[in-house]
Amino acid sequence: MKTTAGERLKEARLAAGYRSAAAAARSLKDHPQNVVDHEADRRGLTPEKAANYARLYRVEAAWLLYGEGNATASGVIGNDNFRMVGVIGEVRAGAFAEIPDEQPTPWEFVPVNLPEYARASLYALYVVGRSMDRFYPDGSAVVVCPTAEAGIREGDHVVVRVRKGSMVETTLKEVVVANQGVELWPRSTDPAYQTPIRLHTLRGSDEGPEIIGVVVGSFASRAGRSGPLVDLYSRGASGRAKR
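Each value, and the rule that gives it
- Residues numbered from 1 in each chain as written.
- Predicted model: local features only at pLDDT ≥ 70, side-chain atom pairs only at ≥ 80, totals over all residues.
- Heavy atoms only, no water.
- Salt bridge = Lys/Arg side-chain N within 4 Å of Asp/Glu carboxyl O.
- Helix = DSSP H or I, 4+ residues; strand = E, 2+ residues; numbered from the N terminus.
- Buried < 20%, exposed > 50% of the residue type's maximum accessible area, 1.4 Å probe, protein only.
- pLDDT = per-residue confidence, 0-100.
- Contact = heavy atoms within 4.5 Å.
- Phe/Tyr/Trp six-rings, centres within 6.5 Å; stacked < 30°, edge-to-face > 60°.
- Core = buried A, V, L, I, M, F, W, Y, C linked by side-chain atoms within 4.5 Å.

Q: Outline the pattern of salt bridges, listing residues and values.
A: Counted by the stated rule, this structure contains ten salt bridges. Here aspartate 30 makes a salt bridge to lysine 49, at a shortest N to O gap of 2.9 Å. Of the two residues, aspartate 30 is situated in the loop between helix H2 (21–28) and helix H3 (32–39) and lysine 49 in helix H4 (residues 47–57); the sequence distance between them amounts to 19 residues. On the basis of relative accessible area, lysine 49 is assigned to the partly exposed category, the value being 28%. Salt-bridge contacts for arginine 198 lead to glutamate 183; the nearest nitrogen and oxygen are separated by 3.1 Å. Taken together, the positions of arginine 198 in strand S8 (residues 197–198) and glutamate 183 in strand S7 (residues 181–185) put the pair 15 residues apart, joining distant regions of the chain.

Q: Residue-level account of the confidence of the model for the protein chain, with values.
A: This prediction gives the protein chain a mean pLDDT of 80; 79% of its residues lie at or above 70. Mean pLDDT values for the elements of the protein chain range from 48 in helix H7 (residues 235–242) up to 93 in strand S4 (residues 141–146). Residue range residues 73–79 is modelled with pLDDT below 50. Its contacts to residues more than four positions away, or to other chains, number 16 contacts. This model gives residues 237–243 a pLDDT under 50, and the stretch forms three contacts once residues within four places in sequence are excluded.

Q: Lay out the packing of aromatic side chains in plain terms, naming residues and giving numbers.
A: With the rule as written, the count across this model stands at four aromatic pairs. Here the aromatic rings of tyrosine 18 and tyrosine 57 are separated by 6.1 Å at their centres, their planes lie at 50 degrees, and the arrangement is tilted. Here tyrosine 57 lies in helix H4 and tyrosine 18 lies in the loop between helix H1 (5–15) and H2, a separation of 39 residues in the sequence. The two residues tyrosine 18 and tyrosine 57 agree in class, both being buried. Ring centres of tryptophan 107 and tyrosine 126 lie 6.2 Å apart, and the angle between their planes is 45 degrees; on these two criteria the pair is classed as tilted. Placement of tryptophan 107 in the loop between strand S1 (82–92) and strand S2 (108–113) and of tyrosine 126 in strand S3 (residues 123–128) is noted, with a sequence separation of 19 residues between them.

Q: Outline the nonpolar core, supporting the account with residue identities and numerical values.
A: Counting residues in each nonpolar core, the largest one holds 19 residues, and the members touching the most others are Leu45, Tyr53, Tyr57, Val59 and Leu64. Every element with two or more residues in this core is listed here: H1, H2, H4 and helix H5 (61–66). Take this core: its biggest share by element is five residues, from H4. Apart from the residues within four sequence positions on either side, leucine 45 is in contact with Ala5, Leu9, His38, Ala50, Tyr53, Leu64 and Leu65. The next biggest cluster of nonpolar side chains, apart from the first, holds 14 residues, and it includes Val87, Leu114, Ala120 and Tyr126.

Okay, here's the thing in structure tokens:
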């Protein structure tokens, strides 16, 4: 299917690790609304602007403008296994947040290259907090496959839903098989998150827990680069390196 210049711009931005138009705009030293308008095809993309985006995203300007040639010399986008997965919510410990059973309109998309899950109904969630920060820092995204499609294995990281009255908590845990049965452990550097959910003590409970998905990938972006360019061969740079 033929894509527009705006759609290709957004695809390239996400693949380059810029999760928002504002993050890309900071690196471009441009106004975020200009990036939003280019991606929405509300503003024409000139060759000069395309060249700026191409340098930042490491793609070919001709591909951005016309869809011609390779998307990128590094192969980031030119991959048959590449797909965009929608972010539909957040996952956090100690707070109440529901993940809908039917997928809503995604907040945005993250790039995924998981050929073994090419036909799976994947979705993504933003990680909030530190309950699994040994693997997924605050602000990263996890790519999730529904439990019915993935199955559950020992050592899996899973999305767990716990009901407390009318409230619902959705959190990440690791599946551990212990002497007493299956336990769901946080993997955190925070002392506040060191207690597992022991399934054998909750059997038959109305509160759950219910494992609704298995983490099959993750995605993390770095904040936009804003520091001055460095001349590696200047006296100042070499002097700092020696100290």
